[in-house]
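Commentary on secondary and tertiary structure
If you want the building blocks of each chain, they are given just below.
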Amino acid sequence: MLLEIANVLTADALAEIGRLLPAVVFDDGRATAGVQARPVKDNRQMRTGSPEAERLQAIVRRALDASAMFYSATLPRHISPALVNEYQTGMSYGAHVDNAIMAAGTPLRSDVSLTLFLSPPDSYDGGELEMRDALHGYHRVKLVAGSAFIYPSTTLHQVTAVTRGVRHAAVFWVQSLVRGAEQRKLLFELDLAIIGLRKREPDAPELATLTAIYHNLVRLWAET
Ligand code: NI
């Protein structure tokens, strides 16, 4: 499932991130690339550990935690620390698949990848997130600052070259309680349908049954 989650960050959070970015240090992104990705990876990654970097990571993580849609779509078991990256003009990240196991923080299996866009799209050219696979076809994404895009970590993807300006984004990996992308999608759609029905017809007798089915499917499929 490919999904846009709009307005994860508030205007205030974006403004604070804008003040923090000039105060953090970015290192060559190749340092954390696997053998497969190293030749195609040309970006910079925020050095962690400084108060500014920790504040930035906390802001984006808190915003994710507040997103009901993020929780419903990914059913997180573990969430990686935010990796903030920078693409200066000329930089790109060629086609790759994200590592299966992410070792930063608690080691986790990457089921879902998330890109949270931090730069206004008119401040840079290029820098699209591009996905191509047999299941989802071809997608090219460039979202407003503060919006996020999630996709199965099994998807081959790339970040196209930035040809003007600088692109910042925060990326996360999620190990889901529900390993299979198809099951996650069914649960997400069922959850949305229940929410919609509850809004329109709060007294609908079917709500209890549908909610029970949702929880019982989670029970069937979740690994804790
Ligand atoms: Ni990637």
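Residues numbered from 1 in each chain as written. Predicted model: local features only at pLDDT ≥ 70, side-chain atom pairs only at ≥ 80, totals over all residues. Heavy atoms only, no water.

What follows is about the pairing of strand β13 (residues 137-141). The pairing of strand β12 (residues 129-133) with β13 spans 5 bridges and is classified as antiparallel. Across the sheet, L129 pairs through a bridge with V141, a residue of β13. (Pairing = 2+ DSSP bridges. Helix = DSSP H or I, 4+ residues; strand = E, 2+ residues; numbered from the N terminus.)

A few words now on the coordination of the nickel ion. The nickel ion binds to the protein through H96 (NE2), D98 (OD) and H157 (NE2), with metal-donor distances spanning 2.1 Å. Read in sequence order, the donor residues for the nickel ion give the motif H-x1-D-x58-H. In this pair, D98 is assigned in the loop between β7 (92-96) and β8 (101-102) and H157 in strand β15 (residues 157-159), connecting sequence segments 59 residues apart. Since its relative accessible area comes to 4%, H157 is described here as buried. (Donors = N, O, S within 2.8 Å, 3.2 Å for Na, K, Ca; no water. Buried < 20%, exposed > 50% of the residue type's maximum accessible area, 1.4 Å probe, protein only.)

Accessible area lost on assembly of the parts is the figure often given for the size of an interface. Each assigned domain of the protein is listed with its residue range as follows: domain 1 (3-176) and domain 2 (181-221). Of note, the centres of domain 1 and domain 2, computed from C-alpha atoms alone, are 30 Å apart. If you look at the interface, domain 1 gives 9 residues, while domain 2 gives 5 residues. With both chains or domains summed, domain 1 and domain 2 bury close to 620 Å², and 65% of this area falls on carbon and sulfur atoms. Counting the surface domain 1 buries against domain 2, the share from its top three residues, S72, A73 and L75, is 59%. Taken together, the connections running from domain 1 to domain 2 amount to 0 salt bridges. Taken together, the links from domain 1 to domain 2 amount to 1 residue pair in polar contact (both at pLDDT 80 or more). Ranked by residue count, the leading element in the side of domain 1 that touches domain 2 is helix α3 (residues 68-74), at 4 residues. Its residues assigned to classes, the side of domain 1 that touches domain 2 comprises 5 nonpolar, 3 polar and 1 charged. (Domains from an automatic or database assignment. Contact = heavy atoms within 4.5 Å. Buried area = accessible area lost by both parts, 1.4 Å probe. Salt bridge = Lys/Arg side-chain N within 4 Å of Asp/Glu carboxyl O. Polar contact = N/O pair within 3.5 Å; in protein donor to acceptor, adjacent residues only side chain to side chain. Nonpolar A, V, L, I, M, F, W, Y, C, P; charged D, E, K, R; others polar.)

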